[in-house]
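# Commentary on secondary and tertiary structure
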Amino acid sequence: MQNSEPKFGGMDRRTFLKVLAASGVTATAGAAFMLPGTNLMVMPNSKGYLVVDMAKCMGCVSCMMACSMVHHGESSLSLSRIQIQQDAFQKFPDDIHMAVCHQCEDAPCVNACPVEADHVDIVHGNIRTIDPDRCIGCTQCIDACPWLPKRLQFNPKTRKVQKCDLCANTPYLDEKGGPGGTQTCVKVCPVGAISYVEKMPKQHDPYAYNVNLRDKSWVEVGHTDKDFKLNEGKV
């Protein structure tokens, strides 16, 4: 996986925001904005994140089919915004990889968009999302994503880019989505391998979004892996 820590005038983001707060300039209550006189974008944190447990995932791709269904009205692996990769040459649990959008703190994809289609949606909990009416399909946001596989996808039907919006814009979901609502992949996973959390996972740690979601049922179905720990509902 790739990742790099953005620097703001030689400072890390945390130090940079402290400086902004001290000067009375923050983005905690509003949308992202470009700091005057610089090329630095400041944005409020997302209020929700998806985390996964690779050991629990069976690779059934139910999450992918459901994701496509609620967003596009059809079950298609190509149109899913969550991705499951399987490698038959690897041993458990490294044979399956679940790739979810990190709703990155600094969101390089938002910074890269030349038409502000990829933006911070303050109406839906500051999620990083794409306005399809503004997207020109240049894919610069995909190039900017620091993770592999890329967490944004080019939709060959619309010729625009799409990404996980935590189900905030789901015309085929018969309930409220987004932060504070339903995340379809979490709801349909038959083994509870995906969870929604409000606390931001550690940034710049490629494994921070892979957590232990195992509970008593993990043992009751016969699993005895050495790293089992009673999760007690915490991640």
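What you see is a predicted model; the values in this text were computed from it and never measured.

### As for the overall build of the protein
Secondary structure summary: the protein contains six helices and 10 strands in total. The burial tally for the protein puts 45% of its 235 residues in the buried class. Across the protein, contacts joining residues at least 24 apart in sequence account for 57% of those joining residues at least 6 apart. Accessible surface, the protein: about 12,600 Å² in total, of which carbon and sulfur atoms supply 53%.

### Points about the pairing of strand β9 (residues 160–163)
As paired strands, strand β8 (residues 152–155) and β9 are joined by four bridges and run antiparallel to one another. Of the residues in β9, the one forming a bridge with F154 is V161. The antiparallel hairpin formed by β8 and β9 contains four residues in its connecting segment, where R159 sits at a positive phi of about 60°.

### What about helix α2 (residues 62–72)?
Listed as buried for α2 are C63, M64, A66, C67, S68, V70 and H71. Contacts from the buried residues of α2 go to β4 (83–86), α5 (184–188) and β10 (194–197). Downstream of α2 by one or two residues, G73 has phi in the positive range, about 80°.

### Description of the environment of M64
Among the secondary structure elements, M64 is positioned in helix α2. Once the C-alpha coordinates of M64 and S76 are considered, the two residues, 12 residues apart in sequence, prove to be 7.6 Å apart. Setting aside its immediate chain neighbours within four residues, M64 contacts S76, L77, S80, I82, Q83 and I84.

### Overview of the confidence of the model for the protein
Reading fine detail from the predicted coordinates is not recommended where pLDDT is low. Here the protein shows a mean pLDDT of 85. Residues at 70 or above account for 80%. In the model, residues 1–6 has pLDDT below 50 throughout and makes 19 contacts with residues more than four positions away in sequence or in other chains. In the predicted structure, residues 230–235 sits below a pLDDT of 50 and forms 11 contacts with residues beyond four places in sequence or in another chain.

### Quick word on the environment of V42
With respect to the helices, strands and loops of the structure, V42 is situated in strand β2 (residues 41–42). In sequence terms V42 and E105 are 63 residues apart; their C-alpha atoms lie 9.7 Å from each other.

### Things to note about the nonpolar core
Counting residues in hydrophobic clusters, the biggest one holds 21 residues, and the most contacted among them are L50, C63, I82, I84, M98 and I194. Elements represented by at least two residues in this core include exactly β3 (49–52), α2, β5 (96–99) and β10. Ranked by residues supplied to this core, first place goes to α2 with three residues. Counting residues in hydrophobic clusters, the runner-up holds 17 residues, among them M41, I142, C145 and W147.

The rules behind each value
Residues numbered from 1 in each chain as written. Predicted model: local features only at pLDDT ≥ 70, side-chain atom pairs only at ≥ 80, totals over all residues. Heavy atoms only, no water. Helix = DSSP H or I, 4+ residues; strand = E, 2+ residues; numbered from the N terminus. Buried < 20%, exposed > 50% of the residue type's maximum accessible area, 1.4 Å probe, protein only. Contact = heavy atoms within 4.5 Å. Areas by Shrake-Rupley, 256 points an atom, 1.4 Å probe, with all protein chains shown as cover. Pairing = 2+ DSSP bridges. pLDDT = per-residue confidence, 0-100. Core = buried A, V, L, I, M, F, W, Y, C linked by side-chain atoms within 4.5 Å.

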